[in-house]
Amino acid sequence: MMTISKIEQEVNHIRLQIYEETKGLTPAQRAERTNKIAEAAAKKHGFKIIESATQTQK
C-alpha cells in the first residue's frame, strides 16, 4: 500500500477547500470569483491581464 506524500495531502486539502467554497455557485459566480483572484494575483506580481492571447502591444 502506497502512502500519500505531504504535498499530495496538501493539494487534496486545498482542492476540497476550493470545492466547499464554490459548490453552490453558478457558473457566472465561479467566473467572477476566478477573475477577482486572478486580478489580485496580477496586481501583486505586476502582470497585465489581456482579453485574448492575440492581443499585442504596439
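Everything discussed here concerns the structure shown above.
**Digging into the pattern of salt bridges**
In step 1: All chains considered together, the criterion is met by three salt bridges.
In step 2: One salt bridge in this structure joins K23 and E20, with 2.9 Å as the shortest N-O distance.
In step 3: Classification of E20 as partly exposed rests on a relative accessible area of 48%.
In step 4: Here E32 and K36 are joined by a salt bridge, their closest N and O atoms 3.4 Å apart. On the criterion of helical spacing, the pair formed by E32 and K36 is a turn pair, its members being four residues apart in helix α2 (residues 27–45).
In step 5: Relative accessible area serves as the criterion here: at 44%, E32 is assigned to the partly exposed category.
In step 6: On the basis of relative accessible area, K36 is assigned to the exposed category, the value being 53%.

**A few points about the side chain of T22**
In step 1: Structurally, the position occupied by T22 is in helix α1 (residues 6–22).
In step 2: Discounting residues that sit within four places of it in the chain, T22 has contacts with R30 and R33.

Criteria and cut-off values
Residues numbered from 1 in each chain as written. Predicted model: local features only at pLDDT ≥ 70, side-chain atom pairs only at ≥ 80, totals over all residues. Heavy atoms only, no water. Salt bridge = Lys/Arg side-chain N within 4 Å of Asp/Glu carboxyl O. Buried < 20%, exposed > 50% of the residue type's maximum accessible area, 1.4 Å probe, protein only. Helix = DSSP H or I, 4+ residues; strand = E, 2+ residues; numbered from the N terminus. Contact = heavy atoms within 4.5 Å.

None of this, on its own, says anything about what the molecule does.
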